[in-house]
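Secondary and tertiary structure notes
What follows is the residue order along each chain.
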There are 2 protein chains.
Amino acid sequence: MTRFRFAPIPAALPATVPFTGPETLEARRGAPFRARLGANENGFGPSPLAIAAMARAASEVWKYGDPDSHDLRHALARHHGTAPENIMLGEGIDGLLGLLVRLMVAPGQGVVTSDGAYPTFNYHVAGFGGVLHKVPYLDDAEDPSALTRAARETGARLVYLANPDNPMGSWHPGTRITAMLDDLPASSLLVLDEAYAEFAPDDAIPRIDPEDARAIRFRTFSKAYAMAGARVGYAIGPAELIAGFDRIRNHFGLNRIGQAGALAALEDQDWLAHIRAQVAHARTRIGAIAQENGLTPLPSATNFVAIDCGRDGAHARRVLAALDAEGIFARMPGVAPMDRCIRVSCGPGAELDAFAEALPRALKAAG
Amino acid sequence: MTRFRFAPIPAALPATVPFTGPETLEARRGAPFRARLGANENGFGPSPLAIAAMARAASEVWKYGDPDSHDLRHALARHHGTAPENIMLGEGIDGLLGLLVRLMVAPGQGVVTSDGAYPTFNYHVAGFGGVLHKVPYLDDAEDPSALTRAARETGARLVYLANPDNPMGSWHPGTRITAMLDDLPASSLLVLDEAYAEFAPDDAIPRIDPEDARAIRFRTFSKAYAMAGARVGYAIGPAELIAGFDRIRNHFGLNRIGQAGALAALEDQDWLAHIRAQVAHARTRIGAIAQENGLTPLPSATNFVAIDCGRDGAHARRVLAALDAEGIFARMPGVAPMDRCIRVSCGPGAELDAFAEALPRALKAAG
């Protein structure tokens with residue numbers, strides 16, 4: 001209770017946050033982390049051309065960013081072989097997911113996701129009074145059949161699926177996603193979160209006509225382009241749906257420096273290829289470190305690896321706490337049975353060295 | 001109508017935007033503007049220390065921004081002599097206003113503002129299903145007495161007042177604002193938009209205890225700090241109200257480079273003093289240009305001047321269109337009788353030279 005009479009929906013919400021940032025964790029532990037491997041950030045860094053573009057844009061920051069993101073939106077349209085009207089830029093996928101829920105879900109209407117999938121999506125659904133229906137993961141992967149079934153049973157307005165998945169790193173072939181579209185009820189829109197798409201095998205990316213009214217996809221510059229702090233994400237979908245965002249979005253919300261950096265990053269596909277190679281190398285290394293410690297790395301199509309610690313959630317939480325005490329920032333899935341794992345992001349060699357050095361002690365401390 | 005079944009509130013909204021950006025206007029006219037004087041941007045530019053901090057932060061943009069904005073929030077608390085718990089950072093005042101409306105206004109509840117005041121606030125009220133009650137300006141200023149009366153009559157949840165005012169540049173003494181607080185009904189929260197506060201005389205800034213439950217104030221790095229493109233604004237208010245934002249905000253929405261730049265800008269108060277002097281000089285110059293052309297500049301406590309063109313809104317719109325044809329980006333109030341004016345932002349000498357050169361021809365073209 002507060003002295004303030006909040007509107008009914010926010011009044012009923014908890015004052016929780018989906019994720020505690022590493023800076024806050026560092027303040028709590030009283031020392032900086034040696035390795036920042038918890039938020040699936042990309043420590044290999046953005047394209048030098050993007051850094052240069054952002055540095056140049058800094059002196060022009062007295063200007064608002066273009067609210068239509070004309071140049072970036074057109075470049076993305078060319079990149080994806082679609083029309084600019086099929087692209088909506090926003091303050092990260094997080095911001096766009098909030099807008100989508102607000103646009104499509106009236107209070108009391110149903111939304112389907114997987115139990116253990118992206119918490120920030122759930123946060124937005126609750127935030128706008130939607131009713132969340134969760135289906136279990138199957139074999140450490142989101143389950144398109146169960147999602148579709150739940151959508152039919154509940155008449156859900158939205159069905160969330162991340163492919164590749166976070167937090168497990170698993171993925172489905174694109175054909176499985178397009179088959180899912182054919183099974184979805186007409187009342188449901190597929191929310192396809194492809195934040196990690198650039199790390200995935202080509203055949204994990206479904207071919208979906210941007211004007212297909214059954215789906216909206218989300219991409220970001222936060223992961224493969226290593227620009228999480230720039231807050232630039234985008235949606236690809238039918239022009240009529242994309243235009244709907246203009247009814248409710250913060251039109252001048254996208255910062256100018258981020259727009260300039262994203263445009264330069266997109267044009268440097270050689271750097272993206274370099275990043276892909278670095279991440280693949282780090283993924284292998286994280287797997288090897290896990291195995292050297294008797295743990296099982298799960299296959300991943302992302303820039304992180306879920307490591308099966310071989311016991312239950314309580315044990316994995318102890319491992320995570322012990323890693324934190326060692327100065328290693330990692331995270332873990334929140335829901336059983338996936339919470340037998342810890343989740344370690346791909347990072348540069350020195351950070352993985354620190355992880356390799358700390359893990360045996362952390363496992364010992366966890367007992 | 002669309003193929004998409006939007007939720008009822010967004011379904012009823014127009015697909016309009018509060019402001020068309022200058023980049024879009026430039027695309028329409030097929031040439032860049034010679035002078036960018038329409039959005040109250042600050043062409044004198046940000047502190048060189050802020051530019052340097054942003055350039056440095058660009059190479060660290062692979063990290064998410066701190067979702068708690070710890071360093072910037074604490075620095076702002078010191079700057080304003082309040083506690084960090086009284087400060088909420090957000091993606092510009094625009095973003096924070098949207099969150100405030102969402103937090104405080106249930107669909108159908110009333111909100112009071114002035115007819116002709118900031119359109120983006122109205123956009124958010126409509127966007128969350130609030131009912132807007134508008135009172136007229138009095139003598140080219142927002143009218144605290146009329147706002148208070150309307151709040152009593154309608155039981156409004158929020159009462160918006162910008163001091164200094166945009167688009168007219170007028171202002172009230174701080175004592176008038178604190179007196180208004182005493183008159184407001186208990187159901188109403190004063191939304192005090194102080195985007196232009198740093199340009200105003202000291203006595204225009206009311207003394208309000210941050211824990212005073214009757215008001216929330218908004219400040220920004222977009223205007224005096226010349227960082228509109230960085231998207232960093234903040235609210236100052238009671239800790240319980242500020243904590244409410246954590247229920248609904250996009251926690252990772254504030255970009256990292258903007259946070260770093262804002263912190264450096266705040267620490268360079270010498271630059272702010274330099275900006276104030278430059279803006280005061282430009283304000284005088286804009287006034288002189290207006291008078292040389294037989295027009296009347298209105299007094300201003302902001303970084304723009306409303307110029308009374310001496311006739312009606314249709315005439316002022318013709319002047320604005322003629323300025324646009326001359327390559328001068330300016331804007332104007334949207335509501336009579338203020339729409340007898342055009343609004344010209346303070347900018348560097350070369351841009352004001354271009355305005356001075358174009359205005360006689362624009363007036364002639366307007367007839």
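- As recorded in an unreviewed UniProt entry, chain A goes by the name Histidinol-phosphate aminotransferase, listed as coming from Paracoccus lutimaris.
- Per UniProt, the comment on chain A under Cofactor (unreviewed entry) is "pyridoxal 5'-phosphate".
- The annotation that UniProt attaches to chain A under Pathway (unreviewed entry) is "Amino-acid biosynthesis."

Some thoughts on the relation of the copies chain B and chain A
- In screw terms, the move from chain B to chain A is a rotation of 180 degrees and a rise of 0.0 Å along the axis, fitting with an RMSD of 0.0 Å. Both copies are brought into coincidence by an operation consistent with a two-fold rotation axis. Of every C-alpha in chain B, the one belonging to Ala 55 of chain B sits nearest the axis of rotation, 2.2 Å from it.
- Comparing interface residues between copies, 100% of those in chain B also sit at the interface in chain A, which points to an isologous, same-surface contact.

Some remarks on the environment of His 315 of chain B
All names here are of chain B.
- Looking at the secondary structure, you find His 315 in helix H12 (residues 313-325).
- By relative accessible area, which is 3% here, His 315 ends up buried.
- For the pair His 315 and Gly 367, spaced 52 residues apart in the sequence, the C-alpha separation amounts to 8.1 Å.

Some thoughts on the domain arrangement of chain A
Residues and elements named next belong to chain A.
- Each assigned domain of chain A is listed with its residue range as follows: domain 1 (19-45 + 270-366) and domain 2 (48-267).
- For domain 1 and domain 2, the distance between their C-alpha centroids amounts to 25 Å.
- Listed by partner, the interface residues are 25 residues for domain 1 and 25 residues for domain 2.
- In this assembly, domain 1 packs against domain 2 so that about 2,000 Å² is buried in total across both faces, 67% of it on carbon and sulfur atoms.
- Of all residues in domain 1, the largest losses of buried area upon contact with domain 2 belong to Leu 272, Ala 301 and Met 338, amounting jointly to 26% of the total for that side.
- Where domain 1 meets domain 2, there are 1 salt bridge.
- Where Arg 340 meets Asp 140, a salt bridge forms, and the shortest distance between an N and an O atom there is 2.6 Å.

Let's talk about the pairing of strand S12 (residues 341-345) of chain B
Residues and elements named next belong to chain B.
- Summarising burial for S12: 5 of the 5 residues are buried, a large majority.
- The two faces of S12 match: Cys 341, Arg 343 and Ser 345 on one face and Ile 342 and Val 344 on the other face are all buried.
- The pairing of strand S10 (residues 304-308) with S12 spans 5 bridges and is classified as antiparallel. Bridge pairing in S12 places Asp 308 opposite Cys 341.

Considering the pattern of salt bridges
All names here are of chain A.
- Going through the model one piece at a time under the given rule, you end up with 40 salt bridges over all chains.
- Linking Asp 308 and Arg 340 is a salt bridge whose minimum nitrogen-to-oxygen distance equals 2.8 Å. Of this pair, Asp 308 sits in strand S10 (residues 304-308) while Arg 340 sits in the loop between strand S11 (328-329) and strand S12 (341-345); the two residues are 32 residues apart in sequence, bridging distant segments of the chain. Arg 340 carries the same exposure label as Asp 308, and that label is buried.

The rules behind these values
Residues numbered from 1 in each chain as written. Chains lettered and ligands numbered in written order. Predicted model: local features only at pLDDT ≥ 70, side-chain atom pairs only at ≥ 80, totals over all residues. Heavy atoms only, no water. UniProt positions renumbered as here; feature names shortened; annotations may be inferred. Least-squares fit on C-alpha atoms with pLDDT ≥ 70 in both. Contact = heavy atoms within 4.5 Å. Helix = DSSP H or I, 4+ residues; strand = E, 2+ residues; numbered from the N terminus. Buried < 20%, exposed > 50% of the residue type's maximum accessible area, 1.4 Å probe, protein only. Domains from an automatic or database assignment. Buried area = accessible area lost by both parts, 1.4 Å probe. Salt bridge = Lys/Arg side-chain N within 4 Å of Asp/Glu carboxyl O. Pairing = 2+ DSSP bridges.

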